[in-house]
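So the chains spell out like this:
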Amino acid sequence: MNLREYESWGLKISTVLWLILVLASAAVAGRAYAADVPYVPTPANVVDTMLNLGKVGPDDYLIDLGSGDGRIVIAAAQRFGTRGFGVDIDGALVSEAQREAQKQGVADKVAFYARNLFVTDISKASVVTMYLLPQVNLRLRPRLFTELKPGTRVVSHDFDMDSWKPDDRVTVPVPDKPYGEPKSEVYLWIIPANAAGTWRWRLGAGAAARDYEVVLEQTFQILSGRATVGAQPAQLGNARMRGEAIEFALVARIDGRDVRHEFSGRVSGDAITGTVAVRVAPSQRLEWNATRVARGKMTIEASARSVPDFVPAHTLRKIYIAQE
Ligand SMILES: C[S@@+](CC[C@H](N)C(=O)[O-])C[C@H]1O[C@@H](n2cnc3c(N)ncnc32)[C@H](O)[C@@H]1O
């Protein structure tokens, strides 16, 4: 082989290598934009439950990730005048959703985009709905915490968020379900504000005034930690966030008696305003204003085992009613 032939072969080989590279990267790009979830529409009664559980109303902005024929976004607009949009990787479904929105007279309130949900800006939402798959929910989970405002409701059909336990859930009968048992689960999560850190406040006046300090750790919406009242250790329990709303109970030894306090309020930056019910005869309700003196970090990457146990108040109430 002379030099010219050698160079010509070199050129051919590098062209083939280049082509392989281009095709391989196209295949990778194609895969990135392939559907992560097959199309299965949510039945009408489950759509109703999703909207009810998410307390969707006229002031909400709803985003459906993987919107299919647009039924969730369109139903919210029809029933409550809710604005919003849906995204789907399948352009034909997006066109179908756009046509249906026109037909139902809600095209001025809703939009549908042919887009990958993983590159969709969701920061505008006050409600996010999804009917995806467990691993897709888990890939989305960190973004829900970093991009959504506290108080935003996330409603998922059938699939949960692993260690991030739902704030509520409802089972709906679906007799002609195409897979599994003839029922659907609807889950609700409310994006919690970050309440982690050290909080201080004072209750009472004059000689009866006492200083309170609570150090809170937060995993998703669940709080745990330690407390002192008048520098004495106190017992902290039932602590959780629901959006910006905080609640916890505290039992402190005061004047030789165990006094139960039930705190509830709203977190706004480094301040909490709310009330406390002090369960000592006569029981009293007082104003409560706390200040955060040191901020902590909310854990949002926890595995199922590392999330503290919490018995939700509504579950306790149900057990109590069932025993009556
Ligand atoms: C189970 S269907 C749910 C449709 C609709 N939300 C409903 O509840 O009736 C899931 C939808 O997600 C879409 N999808 C899958 N992967 C996607 C992705 N990466 N980005 C956007 N849409 C996607 C599918 O095309 C399909 O329409």
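Parameters and conventions
Residues numbered from 1 in each chain as written. Predicted model: local features only at pLDDT ≥ 70, side-chain atom pairs only at ≥ 80, totals over all residues. Heavy atoms only, no water. Pairing = 2+ DSSP bridges. Helix = DSSP H or I, 4+ residues; strand = E, 2+ residues; numbered from the N terminus. Axes fitted to C-alpha atoms, helices over the stretch in contact; angles between N-to-C directions. pLDDT = per-residue confidence, 0-100. Contact = heavy atoms within 4.5 Å. Expected span 1.5 Å × (residues − 1). Buried < 20%, exposed > 50% of the residue type's maximum accessible area, 1.4 Å probe, protein only. Arc of directions from axis to C-beta.

### Overview of the sheet that holds strand S7 (residues 183-190)
Move 1: The seven strands lie next to each other as S3-S2-S1-S4-S5-S7-S6, forming an open sheet whose pairing is mixed. Sheet topology places strand S3 (110-114) and strand S6 (168-173) at the edges, where each strand pairs with a single neighbour. Between one strand and the next, the sheet's axes are offset by a mean angle of 15°, whatever the strand orientation.
Move 2: By the bridge criterion, five bridges tie strand S1 (residues 61-65) to strand S2 (residues 83-88) in an arrangement that is parallel.

### Quick word on the confidence of the model for the protein
Move 1: Per-chain confidence: the protein averages 87 in pLDDT, with 83% of residues scoring 70 or above.
Move 2: Contacts of residues 1-32 to residues separated by more than four positions or lying in other chains number three contacts, the stretch itself having pLDDT below 50.
Move 3: Overall, residues 311-324 carries pLDDT values under 50, and its contacts beyond four positions in sequence, including any with other chains, amount to six contacts.

### A few points about helix H4 (residues 91-103)
Move 1: If you check H4, its first and last C-alpha atoms are 18 Å apart, about what 13 residues at 1.5 Å a residue would give, namely 18 Å.
Move 2: Every buried residue of H4 is accounted for by Leu93, Val94, Ala97 and Ala101. Looking down the long axis of H4, one finds its buried residues gathered within 100° of arc, a one-sided arrangement. In H4, the exposed positions angled more than 90 degrees off the buried face are occupied by Ala92, Arg99, Gln102 and Lys103.

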